[in-house]
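Summary of structural features
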Amino acid sequence: MNKRIQQNVMIKGTKDGFMLHLDDSCSFSELLKELEVKLSANYQFQENDPSISVKVHTGNRYLDEQQEEKIKEVIHKKKKLFVDEMISNVLTKDEAKQWKDENQVTTVTKVIRSGQVFEVPGDLLLIGDVNPDGTVRAGGNIYIMGQLKGIAHAGYKGNNEAIIAASVMKPAQLRIAGQVNLSPDQYSKWGHDLECAFMDEEENIIIEKLQVLKKYRPNLNRLEGGL
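Under an unreviewed UniProt entry, the protein has the name Probable septum site-determining protein MinC and belongs to Peribacillus castrilensis. Entered under Function (unreviewed entry) in the UniProt record, the comment concerning the protein runs "Cell division inhibitor that blocks the formation of polar Z ring septums. Rapidly oscillates between the poles of the cell to destabilize FtsZ filaments that have formed before they mature into polar Z rings. Prevents FtsZ polymerization." Entered under Sequence similarities (unreviewed entry) in the UniProt record, the comment concerning the protein runs "Belongs to the MinC family."

If you want it as structure tokens, here you go:
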């Protein structure tokens, strides 16, 4: 019975180039050797051939910068190949901390006064008011159990799915990701209860009653029912 040979390097074609799946259980030296052999056997280029994008998936193997460079060197020996992206299932300590910060809810009880700027990396639950000329910024969603009279900027790192909700909507300005919505006059004059702001498919900021939020953000299941 033939013994199946373990393949440490799998090559899969994509519409933009190809993906290299690198086994995460063999030694690094074995991996480099097989990578070089397979690329030499499968890819022979002519001078006028177009360049090909390569994505490298390393699975659960942690690679330091030196090991990443060695993999790139082997790929770049084939003149028409270039590494577009290195993908790993492993998070570094700094990446894990950043992910935790961006996915946690910061709860604070205070009034954001005129001229103050309050910022958090993830979601913000503010129990208090945002006064005129006060600003709150969040990498995620903003929930205000109080009056929003100043500026609220949700998803400031580019998250178009972020929302802004307030017990009383009287904003001077709403921002989501890179979009800005200047408040209608009636908001600053009267205020509207229990409303939320979100970005639609055309990247316009829409203000609606809080009850309709689940229709537009069905996967959002934190906090919105508590305002």
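1. Quick word on the sheet that holds strand β12 (residues 173-176)
Taken in spatial order, the five strands make up an open sheet running β6-β8-β10-β12-β13, and their pairing is mixed. Strand pairing shows two members of the sheet lacking a second neighbour, β6 (117-120) and β13 (179-182), which therefore form its edges. Shown here is a sheet whose adjacent strand axes are inclined to one another by a mean of 10°, direction ignored. Both strand β8 (residues 135-138) and strand β10 (residues 151-154) contribute to a ladder of four bridges, which runs parallel. Bridged to alanine 138 within β10 is alanine 154.

2. Some remarks on the pairing of β13
Sheet topology places β12 next to β13; four bridges connect them, and they run antiparallel. Each residue of the ladder has a partner; that of arginine 175, found in β13, is valine 180.

3. Considerations on the pattern of salt bridges
By the definition in use, this model includes eight salt bridges. As a salt-bridge pair, arginine 137 and glutamate 119 come within 2.3 Å of each other at their nearest N and O atoms. Taken together, the positions of arginine 137 in strand β8 and glutamate 119 in strand β6 put the pair 18 residues apart, joining distant regions of the chain. With relative accessibility at 23%, the residue arginine 137 sits in the partly exposed group. What makes glutamate 119 partly exposed here is its relative accessible area of 41%.

Rules behind the numbers
- Residues numbered from 1 in each chain as written.
- Predicted model: local features only at pLDDT ≥ 70, side-chain atom pairs only at ≥ 80, totals over all residues.
- Heavy atoms only, no water.
- UniProt positions renumbered as here; feature names shortened; annotations may be inferred.
- Pairing = 2+ DSSP bridges.
- Helix = DSSP H or I, 4+ residues; strand = E, 2+ residues; numbered from the N terminus.
- Axes fitted to C-alpha atoms, helices over the stretch in contact; angles between N-to-C directions.
- Salt bridge = Lys/Arg side-chain N within 4 Å of Asp/Glu carboxyl O.
- Buried < 20%, exposed > 50% of the residue type's maximum accessible area, 1.4 Å probe, protein only.

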